[in-house]
Amino acid sequence: MINLPVLVLNQSYEPLNICRVRRAVVLIYQNKAEMLENGSGFIHSVDGEFPVPSVIRLASLIRRPYRSDRKMSRLEIFRRDRYTCQYCGKQTRQLTLDHVTPRYRGGQHTWENVVSACVFCNRQKAGRFPKEAGMKLIHQPAKPAVTAPFYLPLNYSALQKEWQKYLPRGSFYYAAEAE
Ligand SMILES: [Zn+2]
């Protein structure tokens, strides 16, 4: 049981790698990770019982290098902002793109100047600077950090049902296991 695979997510919920239950329990015990999904059953030890983790999330963010070839698109902006309006913080699928510095005032169509905004906030802001509209950005927009390729053995993904919701859709994973 301590050799069962555990999906390790970054603090940002992005899949990082796979470790074994043994390692996951140590990370949780050291408060370096939290358990998101309990796989099956409990591990019995001298210190008591531990639920068997299946998905864990690291307590601190592992920084990944930027990938320069990441194409900017509507969808990528929404993904970067986690489908959250960058002005009011509402999470919604009904998002628009907002140029922080309006285009007609010299704003560029770049990662650093485009954010997700809900319809209401976009209307509210109109063609103004956030400050002029009395609005404030939740995060300073930047080019998204992209995780290094994450490989997941296919048989694991089929096996571990509770992993599915943490893995990007439409992606294929092959071979290789970290740690
Ligand atoms: Zn909003």
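Residues numbered from 1 in each chain as written. Predicted model: local features only at pLDDT ≥ 70, side-chain atom pairs only at ≥ 80, totals over all residues. Heavy atoms only, no water.

Novice: Just checking my understanding: could you explain the coordination of the zinc ion for this structure?
Specialist: Ideal values differ by geometry: the angle at a metal is 109.5 degrees with four tetrahedral donors, but 90 or 180 degrees with six octahedral donors. At 2.3 Å from the zinc ion lie its protein donor atoms, namely Cys85 (SG), Cys88 (SG), Cys118 (SG) and Cys121 (SG). Taken together, the four donor atoms coordinating the zinc ion and their angles of 104 to 114° define a geometry best described as tetrahedral. Counting residues between consecutive donors of the zinc ion along the chain gives the motif C-x2-C-x29-C-x2-C. Of the residues examined, Cys85 reaches a relative accessible area of 0% and is grouped as buried. (Donors = N, O, S within 2.8 Å, 3.2 Å for Na, K, Ca; no water. Tetrahedral: all angles 85-135°; square planar, octahedral: opposite > 155°, others 65-115°. Buried < 20%, exposed > 50% of the residue type's maximum accessible area, 1.4 Å probe, protein only.)

Novice: Help me understand unusual backbone geometry in this model?
Specialist: The general pattern is negative phi for most residues beyond glycine and trans for most peptide bonds. Residue Tyr13 is not a glycine yet carries a positive backbone phi of 75°. Residue Ala126 is not a glycine yet carries a positive backbone phi of 50°. Following the sequence through the fold, Ala126 ends up in the loop between helix H3 (119-125) and helix H4 (154-159). Residue Ala126 is classed as partly exposed on the basis of its relative accessible area of 45%. (Helix = DSSP H or I, 4+ residues; strand = E, 2+ residues; numbered from the N terminus.)

Novice: Could you clarify how one ought to interpret the pairing of strand E5 (residues 95-99) in this entry?
Specialist: Sheet faces and side chains relate simply in a regular strand, where the side chains alternate between the two faces. With respect to burial, E5 is a largely interior element, four of its five residues being buried. As judged from the five bridges shared by E5 and strand E6 (residues 114-118), these two strands associate in the antiparallel manner. In the strand pairing of E6, Leu95 is matched with Cys118. (Pairing = 2+ DSSP bridges.)

Novice: Could you clarify how one ought to interpret the pairing of E6 in this entry?
Specialist: Summarising burial for E6: five of the five residues are buried, a large majority. Neither face of E6 is open: one carries Val114, Ser116 and Cys118, the other Val115 and Ala117, and all of them are buried.

Novice: How should the nonpolar core be read in this particular structure?
Specialist: As a rule of thumb, nonpolar side chains are buried together in soluble globular proteins. Counting 17 residues, the largest nonpolar core has Cys85, Tyr87 and Cys121 as its most contacted members. Residue assignment for this core shows that the elements contributing at least two residues are helix H2 (74-80), E5 and E6. The element contributing the most residues to this core is E6, with four residues. If sequence neighbours within four positions are ignored, Cys85 has contacts with Lys90, Leu95, Ser116, Ala117, Cys118, Cys121 and Ile138. Val8, Leu16, Val25 and Ile56 belong to the second-largest nonpolar core, a separate cluster that totals 13 residues. (Core = buried A, V, L, I, M, F, W, Y, C linked by side-chain atoms within 4.5 Å. Contact = heavy atoms within 4.5 Å.)

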